[in-house]
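Summary of the model geometry
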Amino acid sequence: MKRLHTSLLACALAALLAGPALAAGPGGKITPAGETIHAVLTAPPMVPPPLTRKTPAHVVVDLEMIEKDMRMADGVTYNFWTFGGTVPGSFIRVRKGDTVEFKLKNRHDSHMSHNIDLHAVTGQGGGAEATFTLPGKETQFSFKALNPGLYIYHCAMAPVGMHIANGMYGLILVEPEEGLPPVDKEFYVVQGDFYTEGAYGEPGLQPFSLEKAIDEHPTYVVFNGSVDALQGDNALKAKAGETIRMFVGNGGPNLVSSFHVIGEIFDKVWTEGGSKYQENVQTTLIPAGGSAMVEFKADVPGNFVLVDHSIFRTFHKGSLGILKVEGDKNPDIYTGQQHDIEYPEAKPAGGK
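Definitions and limits used
- By convention here, each chain's residues receive numbers from 1 onward along its written sequence.
- The model is predicted, so local features are restricted to residues of pLDDT at least 70 and side-chain atom pairs to those at 80 or more, both for listing and for counting; the totals for chains, interfaces and linings are taken over all residues.
- Here the side-chain values reflect all heavy atoms present in the structure, with hydrogen atoms and water set aside.
- For two strands to be treated as a pair, DSSP must find no fewer than two bridges joining them.
- The helix and strand labels rest on DSSP assignments: H or I over at least four residues marks a helix, E over at least two residues marks a strand, and numbering proceeds from the N terminus.
- Here an axis means a line fitted to C-alpha atoms, over the contact stretch when the element is a helix, while the angle between two N-to-C directions is reported on a 0 to 180 degree scale.
- Burial classes follow relative accessibility: with a 1.4 Å probe on protein chains only, a residue under 20% of its type's maximum area counts as buried, one over 50% as exposed, and anything between as partly exposed.

1. Considerations on the sheet that holds strand β20 (residues 302-308)
Read across the open sheet, the 5 strands follow the order β13-β21-β20-β15-β18; overall the sheet is mixed. Where the open sheet ends on each side, the last strands, each with one partner, are β13 (236-239) and β18 (283-286). Pairs of neighbouring strands in the sheet enclose a mean axial angle of 20°, with direction left out of account.

2. So, unusual backbone geometry
In this structure, Pro45 follows Pro44 across a cis peptide bond, with omega equal to 5°. Its place among the elements puts Pro45 in the loop between β1 (36-38) and β2 (58-73). The peptide bond linking Gly252 to Pro253 adopts the cis configuration, its omega dihedral lying at 15°. Considering the arrangement of structural elements, one finds Pro253 in the loop between β14 (243-252) and β15 (257-262). Of note, the phi angle at Glu272 is positive, near 55°, even though the residue is not glycine. Examined against the element boundaries, Glu272 turns out to sit in the loop between β16 (266-270) and β17 (278-281). Residue classification places Glu272 among the exposed positions, given a relative accessible area of 59%.

Function-wise, these values are silent; they only describe arrangement.
Quick look at the structure:
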């Protein structure tokens, strides 16, 4: 009963925060700036190409919310709630000063109403109050991209935690006016924690566990929505000598991520997705509902392992990915194993 009361209170709080704006008529219009462009949206781990324009534009974003069964692990499926049919949702890339016209669709076969809260938005609910979207409906609002940075977006329908826990999150990048420094490769990686009734690896379609979610005891902690989304044929690929930028998010809903790439050092980390960077970082904290941009040069070939350095999550809950770097070895930087031999046993103290 206590759990039920907690859930009902969460629903009531979300409705209160939405306020009377949900019942209000159509709002005013933001005067669009520049030419009209339809945003290129990409599924993870891909990223839309860098923006080369020097002036703001009127950017139209069309995003559909889809509920569907997908693979969580070998033999395990889950009914994910998604933005664009993937977890995380489609990557959105705009520029500071853009007027973003956001069209949110909820597919006809959805069972739930959904909305969107973009952390890049200055306005009530980050857009959530304007996008209460029933199944089979489309809503729309506009916002001005005021602050450059890398931001999480997520569903904010009550119960908010359940919508996020089912996979409703993604990243929106607001590039600075001068753009980002050029790199050779860009990748999109988001961590999330999932709560199933069955134990880790238990086969079949697994239902969501409210009890585990409230207690913050995830069954799975994964990158990009499944145990091996970034392994095997799905591993990220680069070449030795290339500079790599990763846009890394943490959908949560509960856990903080300790993001690390084994065998690499981040040359630059834009902590919390902001405008300033730190240099020569080994592991970076990414809060639930937060992000970071990391850059590094792949100096040598190898399989470099992406982990949440809360390490039992990696080997027992699934937060493991691979960056496969191909190219010529560079023994001036790293030799690999040079020998494997026995060493002389130490003589006992005072012995002959």
